[in-house]
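# Inside the fold
What follows is each chain in one-letter form.
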Amino acid sequence: MKISCFKSRMLALVFGLVLFMVFPVFAQDGADESVETSQEDSQDSASSMEAFEQSLAARDDANPDKTHASRLREELMNAVNANDSAEICRLVAELNDANKDNLIAIQPIEKISIFVTKKMYRDLLKTYVDLYKTSYDTLVINPQVGEKPVFLADDGLMMFTKKYIAEHDSTHSTIDEVTKNIDSSDLNSAERLELAALLRVNASYGNEWARNDFLKFGKKYVNEYPDHPDAKWFNESVYGPLSRMSVYDMKMEDRAANKEEWIASKFYTGGFGVNVYPLSGGMALGFDEYYRDDIYEPTTAFLNFEVYLQISRFAFLFEIMDEGASGIQTKGFGLGYVVYDSRYFKIRPYARIGWSAMSVEYKKDHLGVNVDDYGDIMSYEFYQEGEISEASADNFNAYSLAVDVDFKFATAYFLMSAEKLVSFSLATKFGVSYLDVDDHYVKKKGASLFYGVGLGILFW
């Protein structure tokens, strides 16, 4: 038994020595594998980066014109920041030469933004002359290439131009800025007149005041400087056509051409409307023998009408309408919602709360007695034959649900506007009211079905 224990201990000792000797070998092998794996990963990463750089280089090599133009645009912005006028002119000229069928290296607005900002008005004049001399040219795309032209953007020059456009809005335009500084520039008299006129060419097609200024400067330029190099071209291609053009006629033509599209864009937008209902009536439940027909007879309202203000789909209204019970009229306020609006139809249901009272015409002379709530006589009032009298309601006593259906048979621009519209419509109204009338002539509760037919006008 003792021998067995001794043998066991010896075997355990030998096993431990073997592990102690073998483990460092395996550990070293694992470390070597980890180092090799790390080296392989580093090599793969370097290879991927090199492949990416090669793809970029290949892409640039595939479009060297774009790369060259991008570099020129970057150099141009450096020249702008350095206020180097000579370098700006040189780089703009190179970018002009870099414009191709499938590559727009620099756009006119980018040049204008630089020349206006730096007060380089002679170069600005040349830009406008080149622009309008080539404005009827078309950009021809090479069918063999089969791609759209590339506009260089998202760089410093584009950001500079966007800032310029944002700063030169309707309250401070390019025309305003150049006009303020043109007299202190180095331009001669002919160049100042030419630039003053060309600045207003674009605005002249939509603004009568700009056109009048253009004609003033243009006429003076062609009359006083007929031998100027640009005078013949300016007179034949710019001043002549614009002087014969009528901005009013063009505006009217544009209004007519865009009318249906503009009308469609205005649906559900709102407006102010008035509907008049010369035809009205209905029927009532619970109003049998509700007045003294031996003394007076009911009369209808002099005019049933509705006035409403629509904001988006919601409409706020005031109206006076006859109810289904003869002689009872309701004045009330309502809130409606446009559920359908189109070229010819508008449907607008609404809820109304109001005051209902009786209106009568006396058949004969009559001495009326006014009593208080306790039946005591308060006063007497004499009514002559044919006299019309209307009772008054002290509280809300009419609650209605109704719908307006308008057929817009004619829609036109309002006066000379190119945006505001006016519509004429056949206006119809249908509704139901709950009435609780308690006045000098009638004391009844019941339901009233009413309608109105007439004409309406909507400014929108």
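The present account deals with the structure reproduced in this document. Note that the structure is predicted; figures quoted are calculated from it, not measured.

## Some points on the nonpolar core
Generally speaking, a soluble globular protein has its nonpolar side chains buried in company with each other. One finds Leu-76, Ile-88, Leu-124, Leu-195, Leu-198, Phe-214 and Phe-234 to be the most contacted residues of the largest nonpolar core, which totals 52 residues. Of all hydrophobic cores here, the second largest spans 13 residues; its members include Ile-328, Met-358, Ala-398 and Val-442.

## Some details on the packing of helix H2 (residues 64-81) against helix H6 (residues 156-167)
Any two packed helices are characterised by the angle at which their axes cross and by the distance between the axes. Interhelical geometry of H2 versus H6 gives an angle of 50 degrees and a closest axis separation of 8 Å. For the element pair H2 / H6, the angle class is oblique. Contacts between H2 and H6 involve Arg-73, Leu-76, Met-77 and Val-80 from the first element and Gly-156, Leu-157, Met-158 and Phe-160 from the second.

## Looking at the pattern of salt bridges
Applying the stated criterion to the full structure yields 20 salt bridges. In this structure, Asp-130 and Lys-126 form a salt bridge, with 3.0 Å as the shortest nitrogen-oxygen distance. Of the two residues, Asp-130 and Lys-126 both sit in helix H5 (residues 121-133), 4 residues apart, roughly one turn of that helix. Two residues, Arg-352 and Glu-323, come together in a salt bridge whose shortest N-O distance is 2.9 Å. Here Glu-323 lies in the loop between strand S6 (314-322) and strand S7 (328-337) and Arg-352 lies in strand S9 (residues 345-362), a separation of 29 residues in the sequence. The exposure class assigned to Glu-323 is buried, which follows from its relative accessible area of 3%. Through salt bridges with shared partners, a single network forms among Glu-306, Glu-319, Glu-323, Arg-348, Arg-352, Asp-404 and Lys-429.

Each value, and the rule that gives it
- For every chain, the first residue of the written sequence is number 1, and numbering continues from 1 along that sequence.
- Thresholds applied to this predicted model are a pLDDT of at least 70 for local features of residues and 80 or more for the giving and counting of side-chain atom pairs; totals over whole chains, interfaces and linings are not thresholded and use all residues.
- Note that the side-chain values use all heavy atoms of the structure and ignore hydrogens as well as water.
- The term nonpolar core refers to a set of buried residues drawn from Ala, Val, Leu, Ile, Met, Phe, Trp, Tyr and Cys, joined through side-chain atoms within 4.5 Å.
- Residue exposure (1.4 Å probe, protein chains only): buried if accessible area is under 20% of the type maximum, exposed if over 50%, otherwise partly exposed.
- To define axes, lines are fitted to C-alpha atoms, for helices over the stretch in contact only, and angles between the resulting N-to-C directions are given on a 0 to 180 degree scale.
- Numbering goes from the N terminus for both helices and strands, where a helix is a DSSP run of H or I of at least four residues and a strand is a run of E of at least two.
- Here roughly perpendicular refers to angles of 65 to 115 degrees, roughly parallel to angles under 35, roughly antiparallel to angles over 145, and oblique to all remaining angles.
- A contact between two residues is defined here by any heavy atoms of the two lying within 4.5 Å.
- When a carboxyl oxygen of Asp or Glu lies within 4 Å of a side-chain nitrogen of Lys or Arg, that pair is called a salt bridge.

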